[in-house]
Amino acid sequence: MNEFRITHLKELENEAIYIFREIAAQFERPTILFSGGKDSIVLVHLAVKAFYPANIPMPLMHIDTGHNFIETLDFRDDLAKKINAQLIVKLVQDSIDKGRAVEEKGINASRNKLQTVTLLDAIEELKIDAAIGGGRRDEEKARAKERFFSHRDEFGQWDPKNQRPELWNIFNGKKNIGEHFRVFPISNWTELDIWQYIMLEKIDIPSIYFTHKREVFNRSGVWLANAPFMERKEGENIEVKDVRCRTIGDITCTGLTLSIAKNIEEIVTEVAASRTTERGSRYDDKRSETAMEDRKKEGYF
């Protein structure tokens, strides 16, 4: 990696650390939304740096759909123990059991959207005033509309046309009772930045990011992992392929990438040469042209 790239990554790191310290200064009950994916792992790594040698002054919270990759869950638990952080796990299944969310039916059923209900209930229950996420502006056009400090109203909803200006790194965390903020310290990072930073800092990541053999089937051009709760259409035959995750979420909507990348260096090379975004393989984003923005307005991550 050349000196220019290292300098660029260090500038992004300094910006994110500054934002973490602003969060600690302005909010009473901040929480890191942790999925076990690469972005949230980098987020936690930056938080550790921001407050070292003390432990991070905020818990990690995972909204568990019950349909996650087991490798992600194991990594989540191990990381929380490693950095001595409080881990809060809220289950979508509990929201379904309480009648707060309704399980989708049919071939394309997914619990991904149901996470919104569980998340908003957790924010209200725990009185969270800043939910810190790993969203990046290059991921998807709706995410590109976010500020670093993104205001949510008393219903947890987002209005992309009514956001506060952020000039000269001055962040306004003032809110009314019942409102909260979503904060995105790595907004200015790209997918390539994330991978190069992981390589530079030698950050551990779940094994499913590397090429491995897995039972998969193809749906509308997206390779999906076979799982007991996954229904298949006629003609969607199970095959064993060399695949890896480029982005991780609920199994029902996480598209897998055909790949031969078995280490970080090969992943960086693969991402640099790619002509599709990482969310191009997310099946949930194919539901409509505004799928992500619609979910975010309702309170999604």
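Scroll up a little and you will see the structure.
These numbers were taken from a predicted model, which means no experiment stands behind them.

Analysis parameters
Residues numbered from 1 in each chain as written. Predicted model: local features only at pLDDT ≥ 70, side-chain atom pairs only at ≥ 80, totals over all residues. Heavy atoms only, no water. Phe/Tyr/Trp six-rings, centres within 6.5 Å; stacked < 30°, edge-to-face > 60°. Helix = DSSP H or I, 4+ residues; strand = E, 2+ residues; numbered from the N terminus. Lys NZ or Arg CZ within 6 Å of the ring centre and 35° of its normal. Core = buried A, V, L, I, M, F, W, Y, C linked by side-chain atoms within 4.5 Å. Buried < 20%, exposed > 50% of the residue type's maximum accessible area, 1.4 Å probe, protein only. Contact = heavy atoms within 4.5 Å. Pairing = 2+ DSSP bridges. Axes fitted to C-alpha atoms, helices over the stretch in contact; angles between N-to-C directions.

1. Concerning the packing of aromatic side chains
Here is step 1: Here the structure, examined in full by the defined rule, presents nine aromatic pairs.
Here is step 2: Relative to F171, the ring of Y18 has its centre 6.2 Å away and its plane inclined at 50°; by these criteria the two rings are tilted. In this pair, Y18 sits in helix α1 (residues 3–26) while F171 sits in the loop between β5 (149–152) and β6 (180–183), placing the two residues 153 residues apart along the sequence.
Here is step 3: Aromatic rings pair up to connect Y18, F27, F148, F149, F171 and F181 into one cluster.
Here is step 4: A cation over a ring is seen here: R137 above F148, with NZ or CZ 4.9 Å from the ring centre.

2. A look at the nonpolar core
Here is step 1: By size, the foremost hydrophobic cluster in this structure holds 63 residues, and its most contacted members are F20, I23, I32, L60, F149 and W195.
Here is step 2: Looking at this core element by element, the count peaks at eight residues for helix α2 (residues 38–51).
Here is step 3: With sequence-adjacent residues up to four places away left out, F20 is seen in contact with I32, L43, L46, A47, A50, F51, M58, I132 and P185.
Here is step 4: Core analysis: the second largest hydrophobic core is formed by 13 residues, I63, L119, A122 and I128 among them.

3. A short note on the sheet that holds strand β1 (residues 30–33)
Here is step 1: Spatial ordering of the open sheet is given by β3-β2-β1-β4-β6-β5, a layout of six strands whose pairing is mixed. Both outer strands of the open sheet, β3 (87–91) and β5, are each paired with one neighbouring strand and no more. Averaged over all neighbouring strand pairs, the angle between strand axes comes to 30°, with direction disregarded.
Here is step 2: Both β5 and β6 contribute to a ladder of four bridges, which runs antiparallel. By the bridge assignment, S150 is partnered in β6 with R182.
Here is step 3: The sheet contacts of α2 involve β1, β2 (60–64) and β4 (130–132), and relative to β1 the element is tilted by about 140°.
Here is step 4: Packed on one face of the sheet, helix α3 (residues 70–82) meets β2 and β3 and runs near 165° to β2.

None of the figures reported here should be taken as evidence of function without further support.
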